[in-house]
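As a plain string of letters, each chain reads:
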Amino acid sequence: VQLQASGGGLVQAGGSLRLSCAASGRTFSSYAMGWFRQAPGKEREFVAAISWGGGNTFYAESVKGRFTISRDNAKNTVYLQMNSLKPEDTADYYCAARNVVLSTRTSDYSYWGQGTQVTVSS
């Protein structure tokens, strides 16, 4: 599966952005999807994940209550709605896919999109 992330940009603290990740391939609905981010000089970290059917989601503590992951299997797309953004959310955001079961571990994901940059100004 090939992944294409979009929707990043520059936003003021307290603002919102919605990231999208479009997937190619007919088996998108069988993949668990995740969002990760990487700030300059830091390791890539887990943000959110959603199961193949969308019934289960999991969030990093740092974004819980502010970010929402969702998916539309008919459109082969997963979303990350980001509200109440903070300067510390500034990073390149990556979407990733793995077979069936969601995971918070970077190493569990087989497919990665290119990053989309999010910058939150104070």
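Note that the coordinates shown come from a computational prediction; the quantities given were computed from them, not determined experimentally.

(A) Fine view of the side chain of Asp108. Secondary-structure assignment places Asp108 in the loop between β9 (91–99) and β10 (111–112). For Asp108, a relative accessible area of 18% gives the class buried. Among the polar contacts made by the side chain of Asp108, one reaches the side chain of Ser103 at a distance of 2.5 Å. Those residues in contact with Asp108 that lie beyond four places of it in its chain are Arg98 and Ser103.

(B) Expanded view of the pairing of strand β5 (residues 45–50). Burial analysis of β5 places five of its six residues in the buried class, which makes it a mostly covered element. The pairing of strand β4 (residues 31–38) with β5 spans five bridges and is antiparallel. In the sheet register, Gly34 faces β5, and the bridge partner there is Ala49. Of the pairings in the sheet, the one linking β5 to strand β6 (residues 57–59) comprises three bridges and is antiparallel in character. In the sheet register, Ala49 faces β6, and the bridge partner there is Phe58. The hairpin turn running from β5 into β6, its antiparallel successor, is six residues long, and Gly54 in that turn takes a positive phi close to 90 degrees.

(C) Region of interest: the pairing of strand β11 (residues 116–121). Side chains Thr116, Val118 and Val120 project from β11 onto a buried face, and the interleaved Gln117, Thr119 and Ser121 project onto a face without burial. Pairing of strand β2 (residues 9–12) with β11, which is carried by four bridges, proceeds in the parallel orientation. Bridge pairing in β11 places Val11 opposite Val120. Relative to β11, β9 runs antiparallel, the two sharing three bridges. Its bridge partner being in β11, Asp92 is matched across the sheet by Gln117.

Cut-offs used in this document
Residues numbered from 1 in each chain as written. Predicted model: local features only at pLDDT ≥ 70, side-chain atom pairs only at ≥ 80, totals over all residues. Heavy atoms only, no water. Helix = DSSP H or I, 4+ residues; strand = E, 2+ residues; numbered from the N terminus. Buried < 20%, exposed > 50% of the residue type's maximum accessible area, 1.4 Å probe, protein only. Polar contact = N/O pair within 3.5 Å; in protein donor to acceptor, adjacent residues only side chain to side chain. Contact = heavy atoms within 4.5 Å. Pairing = 2+ DSSP bridges.

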